[in-house]
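# Understanding the architecture of this molecule
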Amino acid sequence: MQRPPAEVLYAEELAKLKKRDRDATPPGWQLSMKAVLQFVVGGDGIDPKIVCAPSLIERALVTLASNRALLLVGEPGTAKSLLSELLAAAISGTSTLTIQGSAATTEDQIKYGWNYALLLNEGPSPRALVASPLYRGMQDGRIVRFEEITRCPPEVQDGLLSILSERLLMVPELPDSNAVFAAPGFNLIATANTRDRGVNEMSAALKRRFSFETVFPIADYDRELALVQSEVARMLAQDGIKARPSSDVLEVLVTTFRELRQGVDKEGGASEKLSTVVSTAEAVSVAYAVTLRGHYLRGDAGRPADIVEALAGAAAKDNSDDLKKIRRYIEHRAGKRKGDHWRDFHAARHLLPQ
């Protein structure tokens with residue numbers, strides 16, 4: 001698999017937690033709240049999976065054990081999807097019951113559809129019904145993930161109202177057994193990024209069915225640097241590549257991304273903030289691409305100059321003015337910093353598209 005789901009990637013840790021778990025477990029859950037919290041934030045031989053406040057995870061777990069669904073909101077690239085995947089894997093043993101929200105998402109994709117060949121041949125029947133991830137999650141008592149819920153049209157979003165209120169999904173086409181009651185353990189984790197929340201605003205009625213939790217960008221430089229380093233190492237190891245980006249390359253990358261994201265440099269001076277989101281997730285992708293470039297094309301682990309070329313595609317997607325801001329940053333900010341790695345980064349500014 002190119003990208004194993006969390007329940008596969010961390011199968012050993014989940015098995016270890018389940019074996020030693022002695023705490024009270026909510027109905028339908030695979031692990032106790034304490035064990036799920038430890039799986040996400042780490043400790044006692046378990047690696048941390050995400051950088052965020054443990055209190056946020058605790059509130060999310062209480063919500064998922066209650067009769068409310070969970071909505072994770074934040075800037076793009078703040079690991080909302082990763083958090084929902086980790087929670088679903090630890091609570092239900094699977095994170096793949098997922099609906100991807102978009103402008104093209106229909107109510108059938110959320111609830112159920114039909115195998116039309118069987119439908120025409122034998123009429124509405126359980127055999128002809130095609131269950132959605134939500135349908136299966138209700139039947140089996142598992143966590144269902146709804147990615148980018150606010151990208152869906154409002155009328156499609158509101159198809160969740162009765163499901164989240166009554167924990168009941170009706171299938172009026174079936175003559176018998178036309179009600180699916182949610183089994184213990186079922187709940188919904190939705191995500192929405194703050195850049196798109198105004199596109200298809202959720203109705204007030206639907207908002208009342210959710211508890212909102214905001215996932216913020218990583219505030220601490222050292223923790224962000226360590227996360228980028230560990231994630232890139234994991235991705236490279238999965239590809240069978242022994243090369244790892246140098247600390248100098250990662251310093252240039254993470255510092256640049258943070259300063260372009262925040263509009264403030266390490267010395268506290270003002271810097272130009274990009275309109276495009278330059279998240280930690282983007283930093284991981286760029287670090288990975290830089291290492292692949294060096295490994296396959298030159299036989300090294302990537303150079304600071306490679307970051308310049310990667311920045312154009314990663315950080316200048318929505319606004320042509322962002323390229324000018326990046327160029328000014330490299331010329332003025334990077335040019336003043338000491339070290340060969342910063343000097344190489346500054347010298348490669350000509351590689352940016354004009």
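Our structure's up above, just so we're on the same page.
The structure displayed is predicted, hence computed values, not measured ones.

Broken down by element type, the protein carries 17 helices and nine strands. Summarising its shape, the C-alpha atoms of the protein cover approximately 75 × 45 × 40 Å along the three principal directions. Across the 354 residues in the protein, those meeting the buried criterion constitute 49%. Intrachain contacts of the protein at a sequence separation of at least 6 include 71% that bridge at least 24 residues. As presented, the protein carries roughly 16700 Å² of accessible surface, and 52% of it is formed by carbon and sulfur atoms. Where the 45 positive side-chain charges of the protein centre and where its 45 negative ones centre are 3 Å apart.

With that settled, the discussion passes to helix α2 (residues 11-20). Since the α-helix turns once every 3.6 residues, residues separated by three or four places project in the same direction. Of all the positions in α2, only E13, L14 and L17 are classed as buried. The buried residues of α2 occupy an angular sector of 100° when projected down its axis, which confines them to one face. In α2, the exposed positions that point more than 90 degrees away from the buried face belong to E12 and K19. Buried residues in α2 make contact with α1 (6-9), α3 (33-41) and α5 (80-92).

Along the polypeptide, Y288 turns up in helix α14 (residues 280-298). Along the chain, Y288 and I110 lie 178 residues apart, while their C-alpha atoms are 34 Å from each other. Other than its neighbours up to four places away in sequence, Y288 contacts V232, M235, L236 and D239.

What follows deals with the nonpolar core. Core analysis: the biggest nonpolar cluster contains 35 residues, and V228, F257, I307, I326, I330, F345 and L352 have the highest contact counts within it. Put simply, the parts of the chain that give this core at least two residues each are α12 (221-238), α13 (247-262), α14, α15 (304-315), α16 (321-333) and α17 (340-347). The leading source of residues in this core is α13, at seven residues. Those residues in contact with I330 that sit more than four places away from it in its chain are V308, G335, F345, H346, R349 and L352. Counting 34 residues, the second-largest nonpolar core is a separate cluster that includes L134, M138, I149 and F210.

Here we come to the packing of aromatic side chains. Enumeration according to the criterion identifies three aromatic pairs in this entry. Note on Y112 and W114: the rings are 5.9 Å apart at their centroids and 85° apart in plane angle, and the pair reads as edge-to-face. Y112 sits in the buried class, given a relative accessible area of 10%. Measuring from centroid to centroid gives 5.9 Å for W342 and F345, while their planes differ by 75°, and the two rings are edge-to-face. Of this pair, W342 and F345 both sit in helix α17, separated by three residues, roughly a single helical turn. The burial state of W342 is the same as that of F345; both residues are buried. Positioned above the aromatic ring of Y10 is the side chain of K49, whose terminal nitrogen or guanidinium carbon lies 4.9 Å from the ring centre. The ring of W342 has R337 lying over it, and the distance from NZ or CZ to the ring centre is 5.1 Å.

In this section: unusual backbone geometry. With a phi close to 55°, D44 is a non-glycine residue in the positive phi region. Here D44 is to be found in the loop between α3 and α4 (54-65). D44 sits in the exposed class, given a relative accessible area of 59%. The phi torsion at S177 lies on the positive side, around 50°, for a residue other than glycine. Along the chain, the position of S177 falls in the loop between β6 (168-170) and β7 (179-181).

A few words now on the packing of α2 against α3. Relative to each other, α2 and α3 sit at 150°, their axes nearing to 10 Å. Put simply, α2 runs roughly antiparallel to α3. The way α2 lies across α3 gives a crossing that is right-handed. On α3, the residues touching E13, L14, L17 and R20 of α2 are A35, Q38 and F39. The residue inventory of the contact of α2 with α3, partitioned by class, reads four nonpolar, one polar and two charged.

On to the environment of V254, then. By secondary structure assignment, the location of V254 is in helix α13. Distance in space between the C-alpha atoms of V254 and L311 is 12 Å, their sequence separation being 57 residues. Sequence-distant contacts of V254, that is, excluding residues within four places in its chain, are made with Y221, E224, L225 and V228.

Right, let's get into the pattern of salt bridges. All told, the structure shown has 21 salt bridges when counted by the stated rule. For K49, the salt bridge identified is with E13, shortest N-O distance 2.5 Å. Taken together, the positions of K49 in the loop between α3 and α4 and E13 in helix α2 put the pair 36 residues apart, joining distant regions of the chain. Judged by relative accessible area, which is 12%, E13 ranks as buried. The partner of E148 in a salt bridge is R151, and the shortest N-O contact between them spans 3.9 Å. Using a relative accessible area of 16% as the deciding quantity, one classes E148 as buried. Salt bridges sharing partners connect three or more residues here, namely R293, R298, D300, R303, D306 and E309.

Rules used in this analysis
Residues numbered from 1 in each chain as written. Predicted model: local features only at pLDDT ≥ 70, side-chain atom pairs only at ≥ 80, totals over all residues. Heavy atoms only, no water. Helix = DSSP H or I, 4+ residues; strand = E, 2+ residues; numbered from the N terminus. Buried < 20%, exposed > 50% of the residue type's maximum accessible area, 1.4 Å probe, protein only. Contact = heavy atoms within 4.5 Å. Areas by Shrake-Rupley, 256 points an atom, 1.4 Å probe, with all protein chains shown as cover. Lys, Arg positive; Asp, Glu negative; His and termini not counted. Charge placed at Lys NZ, Arg CZ, Asp CG, Glu CD. Arc of directions from axis to C-beta. Core = buried A, V, L, I, M, F, W, Y, C linked by side-chain atoms within 4.5 Å. Phe/Tyr/Trp six-rings, centres within 6.5 Å; stacked < 30°, edge-to-face > 60°. Lys NZ or Arg CZ within 6 Å of the ring centre and 35° of its normal. Axes fitted to C-alpha atoms, helices over the stretch in contact; angles between N-to-C directions. Parallel < 35°, antiparallel > 145°, perpendicular 65-115°, else oblique. Left-handed = near helix turned anticlockwise from the far one by under 90°. Nonpolar A, V, L, I, M, F, W, Y, C, P; charged D, E, K, R; others polar. Salt bridge = Lys/Arg side-chain N within 4 Å of Asp/Glu carboxyl O.

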